[in-house]
Each structure stands twice: as C-alpha cells, then as structure tokens.
Amino acid sequence: MQDLVIRRPDDWHLHLRDGDMLKGVIADTSRHFARAIIMPNLVPPVVTAADAAAYRERILAALPAGDRFEPLMTLYLTEGTDPDDVEAGHKSGLVKAVKLYPAGATTNSHSGVRNIDKAMPVLERMAKIGVPLCVHGEVTTSDVDIFDREAVFIETVLDPLRKRLPELKVTMEHVTTKDGIDYIKASKANLAGSITTHHLIINRNAILVGGIKPHYYCLPVAKRENHRLALRAAAVSGDKRFFLGTDSAPHVDPLKECACGCAGIYTSINTMSCLAHVFEEEGALDKLEAFASLNGPAWYGLPVNDETITLRKQADAVTYPKKIETGAGLVTVFDPMFPLHWTVV
Ligand code: DOR
Ligand code: ZN
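Owing to the predicted nature of the structure, the values given are computational and were not obtained by experimental measurement.

A short note on the nonpolar core
In terms of nonpolar packing, the biggest core is built from 95 residues, with Leu16, Leu123, Leu133 and Phe279 touching the most fellow members. Counting residues per element, this core draws most heavily on helix α10 (residues 271–281), which supplies 6 residues. With sequence-adjacent residues up to four places away left out, Leu123 is seen in contact with Leu77, Ile116, Leu133, Leu161, Leu165 and Leu168. Counting residues in each nonpolar core, the second largest holds 12 residues, with Ile37, Tyr76, Cys134 and Tyr300 among its members.

Structure representation (structure tokens):
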C-alpha cells in the first residue's frame, strides 16, 4: 500500500449538462473535486449572466446533501454577447470566464462564433478587465483535415487574436497536439492550457483499431502517439501553464452508439485513479498535485483548496462501473484499458 496526499483537486473544464443528466453525474465530480469550470454549451446555451446565475442555482440544487462544491460559471460567447453584461457578471463574482466555440466545432456549438471580428468588442472588454477566454481551439472549415484542426486554429485564429489583444488571458482548453503544447510553452504571458485525462491515455488508435469505438470519440479527437507523449510530458512537467480540465462530457449510450455518434468521454468518476496511474508511470507522482490542484487556481487567480485528498495504491485492482445510470439514461464510463490500482480514500 502507498498513500499520496494532495490538495483537493479542481476540474478546469467540465460538462455537467442539465436536468436528469446533471442530477445523475454531479456526485462523480463533487466527490473528489472542490470546484469546476462549468461549460455553457447547454440547449439553449448559457449566454447571459442571468442564464449563468440560474444554471448555477440548478447545479447547487442537484448536489448531494453535504457535498461542498463550487461551480465556476462561464458564458458562451456569441457574436452578439454584450460586453456590459460580461463585465457586470464578472464584477459580481459569478462569471469566471467566457467560452469561445467556433460555430460547428462540437456539441451544441451552432450558436458559437463564425466571424471573430464580430466578437472583438467583448474580447477587448475582457482583455481590459481581466476575464479569461476559454477556447475550443479548432477550425471548422471542411477543407481542413480533422486531425489538423488544432494546429490550423493556432496559426490562423489564436495567434492573430493574441497579437491583436496581448492583454487577453487565453486558456487553450483540452490541448491535443504537440503543436498546442509547443505554442503554449513558447508564450511569454497570458496563455495556459488544460489537458484532459483521456488524452493522456489514448491515441487515435483507440477509436479506430479493431472496430469503431464510439466511447473513445471526443473533440478535439485524439491524435497520433507522438502528440499523446507531448501532452504527457507537459502534464507531468510541473510547468504552471498546464493543468487538469477533464472535459468529462456525458452522453447517453444511444447517442454515442449510432450512425452519427456524439463526441464526449465520461471520466469524472475515475479521473483521479487514471491520473495517479499516468503520473506514476511517468515517475512523476510528486507533480500530480501541481497538475490537478495548484496550477489551475494560480492561473485563474483563485486560492488553492484548503482540504486534501488521499490517493491510495492497493494491490487489488480498483473497479468502476462500466456504465452509470443517470436518470437520463445509461452513460458509459471511460475505460483506460489497463487495471487501475489507485483510489481516493
Ligand atoms: O468531446 C467533446 N464533447 N468535446 C467538446 O468540445 C464538447 C463535448 C460535449 O459537450 O459533449
Ligand atoms: Zn468540453
């Protein structure tokens, strides 16, 4: 047996959904995590500060009794987002970031941004008052291969935007490529990246070899092995610019296992077990706390959590359910394809 005590972690990118799904998944996050940045891609999306306040109340109402968990709310950027509303929401402490979904990039992104010029007034205000922009960093034009969408986004959208607004704080969410890692490492200020649990574990073979595996399909899609290795190196490096954002994204099985399956991998329940495994494999257990509990708060200007959690390595494998029943339907749990031995006690 081996114990590892770390500050209570936070999840800097999470999909909780709404209604029965929210009620069915929230405990898997609040069990281990103190806070999470909540994605706003509901139907309809969380566009205004009033939407975010109402959604926050629904999240708090869905929490299991006794769980202390703080949802960190984001707004969904549209070409019509009102800079004054963002500013007021931020000043009140409610709005922690604004999320850029290029229109068409992923689940419920059709209200997202088609022409970034149209969002400049709000981006300028955010730069001025210090509201971070969380970015889904993929272009969506059909001429760009899906495996190149992140690299092309950096070159054609993100880098020009950062040159135009150097004061804007940008979180490149769910980085999936060496290009993304290198771009963040080369930056001098105002850029950080979150990395998911699953992108540290799978490459694109998981989706496509031996039959098509919808439960390994997410966006940005997992890339080649060299990219996974770059993500791992960044995650375990202790570099303050990299932190955990699980992008845990529940969809019921019928919406994954069909002719046009949804993107999203559900990892909230076993993320800490998976991460301890990965960090141990990399000989970097001493860096897990930085990645999961310290670097994120530093970037978002929040205190680290006072509480700690204990991870324990045991001889017997730790098992998780293959699927969870959510009330909205069954959701398949991420299978890392190796036995897990670390558990949160
Ligand atoms: O795989 C994903 N699922 N990527 C996203 O960007 C959105 C998410 C979702 O909402 O299902
Ligand atoms: Zn996401």
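Section: the sheet that holds strand β9 (residues 242–244)
Strand order in the open sheet made by the 8 strands is β2-β3-β4-β5-β6-β7-β8-β9, with parallel pairing throughout. Single-partner strands in this sheet number two, and they are β2 (11–14) and β9. Ignoring strand direction, the axes of neighbouring strands in this sheet form an average angle of 30 degrees. Note that strand β6 (residues 133–135) and strand β7 (residues 170–172) share 3 bridges and pair parallel. Counted as the bridge partner of Leu133 is Val170 from β7.

Section: the coordination of the zinc ion (ligand 2)
Listed as protein donors to the zinc ion (ligand 2) are His13 (NE2), His15 (NE2) and Asp247 (OD); their distances from the metal cover 2.0 to 2.1 Å. We note that the donor set of the zinc ion (ligand 2) lies within a single chain, spaced as H-x1-H-x231-D. When its relative accessible area of 8% is taken as the criterion, His15 is described as buried.

A look at the site of ligand 1
Taken together, 13 residues sit near ligand 1, with Arg17, Asn41, Leu219, His251 and Ala263 positioned nearest. Within the contact set of ligand 1, an oxygen atom lies 3.1 Å away from a side-chain nitrogen or oxygen of Thr106. Interatomic distance of 2.7 Å between a side-chain N/O atom of His251 and an oxygen atom of ligand 1. Coverage of ligand 1 by the protein amounts to 100% of the 290 Å² it exposes when considered alone.

Looking at the side chain of His251
Mapping His251 onto the fold places it in the loop between β9 and α9 (253–256). A polar contact of 3.1 Å, which involves the side chain of His251, links it to the side chain of Arg17. Among the polar contacts made by the side chain of His251, one reaches the main-chain carbonyl oxygen of Ala263 at a distance of 2.7 Å. Among residues more than four places away in sequence, those in contact with His251 are Arg17, Met21, Thr107, Lys256, Cys262, Ala263, Gly264, Leu330 and Val331.

Notes on the pairing of strand β3 (residues 35–38)
Side-chain alternation along β3 places Arg35 and Ile37 on one buried face and Ala36 and Ile38 on a second face that is also buried. Pairing between β2 and β3: 2 bridges, direction parallel. When the sheet's bridge partners are listed, Asp11 is paired in β3 with Ala36. Since β2 and β3 lie parallel, the crossover through helix α1 (residues 19–30) that links them has a hand, and here it is right-handed. As paired strands, β3 and strand β4 (residues 70–76) are joined by 4 bridges and run parallel to one another. Bridge pairing in β4 links Ala36 to Pro71. For the handedness criterion, the β-α-β arrangement of β3, helix α2 (residues 49–62) and β4 is classed as right-handed.

Cut-offs and rules
Residues numbered from 1 in each chain as written. Chains lettered and ligands numbered in written order. Predicted model: local features only at pLDDT ≥ 70, side-chain atom pairs only at ≥ 80, totals over all residues. Heavy atoms only, no water. Core = buried A, V, L, I, M, F, W, Y, C linked by side-chain atoms within 4.5 Å. Buried < 20%, exposed > 50% of the residue type's maximum accessible area, 1.4 Å probe, protein only. Helix = DSSP H or I, 4+ residues; strand = E, 2+ residues; numbered from the N terminus. Contact = heavy atoms within 4.5 Å. Pairing = 2+ DSSP bridges. Axes fitted to C-alpha atoms, helices over the stretch in contact; angles between N-to-C directions. Donors = N, O, S within 2.8 Å, 3.2 Å for Na, K, Ca; no water. Near = heavy atom within 4 Å. Polar contact = N/O pair within 3.5 Å; in protein donor to acceptor, adjacent residues only side chain to side chain. Areas by Shrake-Rupley, 256 points an atom, 1.4 Å probe, with all protein chains shown as cover. Right-handed = clockwise from strand over helix to strand, strands pointing away.

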